[in-house]
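# Per-entry structural report
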Amino acid sequence: MSKHVAIVTGGGQGIGLGIARALAEAGFQVAPADIDPDRARSAAEDLKSRGAEAIPLTLDVTDVASWSRAVAEVVDRFGRLDVLVNNAGISPRGTAESTDEALWDRTMAINLKGPWLGIKTAMPWLRQTRGAIINIGSTRATRPRRGMVAYGASKAGLLGLTRQVAVDGLDDGVTCTMVAPGWVDTPGERIIQAAHGRPEFPEGTRNLITIEEVGAAVVYLVSPPGRRVNGDIVYVDSGLHASDNAETVHLPPQDARGYT
Ligand SMILES: NC(=O)c1ccc[n+]([C@@H]2O[C@H](COP(=O)([O-])OP(=O)(O)OC[C@H]3O[C@@H](n4cnc5c(N)ncnc54)[C@H](O)[C@@H]3O)[C@@H](O)[C@H]2O)c1
């Protein structure tokens, strides 16, 4: 039997790269797909150096033609598709008032329309393999944080998409699940921190999630026992969604006490 095949969007760096590596180490053939071709290429080289077969895909998740090309390339090369990981995403800040329309539209296009287009394009192939879709969401889908209106709405929408696709896939054996990471140290997150005048994470920050830990959750969810988890959220967040504020999870106890 040929080895299983996965596409990971935003696979060029950060969480997507962590997921791609974990799938490669679990024996998958992996196509890291990124809007930045150099990132996709270097991710594919990284996966090959770990003994996996990998092809880089240049993909803009907001563009249906780009999806068609990417999925066709994967199926031409590997002959099958078993797993789609919709990970590419942006996390802009802003309230309902301060978010401008262009940023709202861009956030929805990447974080919500992109996964839908990917599912729509990949579904004929996933149906053949009774495959799995993993959407990378956020604790912000279910527990808002101040000033993240477009992001929170897009991830809540992604949860709705996850549940709907899971139900529609029942007869075909195609599962769809959301992984909601907590706070993860990634290149994208570092840029956001720097934009807020914090070139590093606050001193003493604890319980940061690693890209390897998110990758391990995805590997479980696409394994036979993990396929019984369907249409729901797996939080990999050190308890962030269960807490009423992020400070109690991430700040050292002496700093967090003031927030109780
Ligand atoms: N970092 C965190 O703390 C955190 C927490 C919860 C959820 N997430 C989610 O995890 C996902 C990845 O986050 P990250 O921190 O690794 O981000 P990142 O910015 O470090 O990496 C994202 C990758 O996606 C690619 N990308 C951006 N737009 C794209 C597009 N239109 N088409 C294809 N690729 C595109 C980028 O080139 C980049 O390589 C996002 O969906 C994010 O919302 C992140």
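Going by the structure above, here's the rest.
On a predicted model such as this, the values are computed, not experimentally measured, just so you know. (Residues numbered from 1 in each chain as written. Predicted model: local features only at pLDDT ≥ 70, side-chain atom pairs only at ≥ 80, totals over all residues. Heavy atoms only, no water.)

## Regarding the overall build of the chain
Scanning the chain from terminus to terminus reveals nine helices and seven strands. In terms of overall dimensions, the chain is globule-like: its C-alpha atoms have a radius of gyration of 18 Å, near the 18 Å expected for 260 residues. With 260 residues in all, the chain has 52% of them scored as buried. Considering only contacts within the chain whose residues lie at least 6 apart along the sequence, 70% involve residues at least 24 apart. For the chain, the accessible area works out to roughly 12000 Å², and carbon and sulfur atoms hold 52% of it. Charge separation in the chain, taken as the distance between the mean sites of 27 positive and 30 negative side-chain charges, equals 3 Å. (Helix = DSSP H or I, 4+ residues; strand = E, 2+ residues; numbered from the N terminus. Rg over C-alpha atoms; globule rule 2.2 N^0.38 Å. Buried < 20%, exposed > 50% of the residue type's maximum accessible area, 1.4 Å probe, protein only. Contact = heavy atoms within 4.5 Å. Areas by Shrake-Rupley, 256 points an atom, 1.4 Å probe, with all protein chains shown as cover. Lys, Arg positive; Asp, Glu negative; His and termini not counted. Charge placed at Lys NZ, Arg CZ, Asp CG, Glu CD.)

## Points about the site of the ligand
Residues in close proximity to the ligand total 26 residues, the closest being Asp34, Arg39, Asn87, Val184 and Thr186. Here an oxygen atom of the ligand sits 2.9 Å away from a polar atom, N or O, in the main chain of Ile15. Contact between the ligand and Leu59: a nitrogen atom at 3.3 Å from a main-chain N or O atom of the residue. Protein chains shield 91% of the accessible area of the ligand, which is 840 Å² for the free molecule. Elements that contribute at least two residues to the shell around the ligand include exactly α1 (14–25), α5 (149–168) and α6 (187–195). A total of three residues in the shell around the ligand trace back to one element, the largest contributor, which is α6. Across the shell around the ligand, the residue classes tally to 12 nonpolar, nine polar and five charged. (Near = heavy atom within 4 Å. Polar contact = N/O pair within 3.5 Å; in protein donor to acceptor, adjacent residues only side chain to side chain. Nonpolar A, V, L, I, M, F, W, Y, C, P; charged D, E, K, R; others polar.)

## Some words on the packing of α1 against helix α2 (residues 37–49)
At a minimum axis distance of 10 Å, the contact between α1 and α2 shows a crossing angle of 30°. With respect to each other, α1 and α2 are oriented roughly parallel. Every pair of crossing elements has a handedness; the one defined by α1 and α2 is right-handed. Where α1 approaches α2, its residues Leu17, Ala20, Arg21 and Ala24 are matched on the opposing element by Ala43, Asp46 and Leu47. For the contact of α1 with α2, the per-class residue count stands at five nonpolar, no polar and two charged. (Axes fitted to C-alpha atoms, helices over the stretch in contact; angles between N-to-C directions. Parallel < 35°, antiparallel > 145°, perpendicular 65-115°, else oblique. Left-handed = near helix turned anticlockwise from the far one by under 90°.)

## Observations regarding the nonpolar core
Nonpolar side chains tend toward joint burial in soluble globular proteins. Counting residues in hydrophobic clusters, the biggest one holds 34 residues, and the most contacted among them are Ile7, Leu57, Val74, Leu126 and Ile133. Listed by contribution, the elements that provide at least two residues to this core are β1 (5–9), β2 (29–34), α3 (64–78), α4 (101–129), α5 and β6 (175–181). Contact partners of Ile133, with chain neighbours within four places excluded, come to Leu84, Asn86, Ile119, Met123, Leu126, Val165, Val174, Thr175, Cys176 and Thr177. Val83, Ile136, Val179 and Leu221 belong to the second largest nonpolar core, which has 28 residues in total. (Core = buried A, V, L, I, M, F, W, Y, C linked by side-chain atoms within 4.5 Å.)

## Re α4
An α-helical segment advances 3.6 residues per turn. Residues three or four places apart therefore align on the same side. Across its 29 residues, α4 extends 40 Å between first and last C-alpha, which sits within 8% of the 42 Å expected from 1.5 Å per residue. Taken as a whole, α4 carries its principal kink of about 55° at Met123; the proline Pro124 stands between one and four residues after it. Sitting at the head of α4, Asp100 places a side-chain oxygen 3.3 Å from the backbone nitrogen of Ala102. A positive backbone phi angle near 50° is found at Arg130, which sits one or two residues after α4. (Expected span 1.5 Å × (residues − 1). Bend = angle between axes of the 7 residues up to and from the residue.)

## A look at the pattern of salt bridges
Taken as a whole, this structure holds 13 salt bridges when the rule is applied. Across the pair Arg93 and Glu189 runs a salt bridge, and its minimum N-O distance is 3.9 Å. Within this pair, whereas Arg93 is found in the loop between β4 (83–86) and α4, its partner Glu189 is found in helix α6, the two being separated by 96 residues in sequence. Look at Glu189 and you get buried, because its relative accessible area is 12%. The residue Arg127 makes a salt bridge to Asp172 at a minimum N-O spacing of 3.0 Å. On the criterion of sequence distance, the pair formed by Arg127 in helix α4 and Asp172 in the loop between α5 and β6 is long-range, its members being 45 residues apart. Given the relative accessible area of 26%, Asp172 is considered partly exposed. (Salt bridge = Lys/Arg side-chain N within 4 Å of Asp/Glu carboxyl O.)

## Topic: the sheet that holds strand β7 (residues 233–236)
The pairing of strands in a sheet happens through backbone hydrogen bonds and is either parallel or antiparallel. Read across the sheet, seven strands follow the order β3-β2-β1-β4-β5-β6-β7 without closing on themselves; strand pairing throughout is parallel. Edge positions in the sheet fall to β3 (57–58) and β7, since each of these pairs with one other strand and no more. Pairing analysis gives five bridges linking strand β5 (residues 132–136) to β6, with the strands arranged parallel. Across the sheet, residue Asn135 finds its bridge partner in β6, namely Met178. Sheet strands in contact with α1 are β1, β2, β4, β5 and β6, and its direction is about 170° off that of β1. (Pairing = 2+ DSSP bridges.)

These figures come from the coordinates and say nothing about function on their own.
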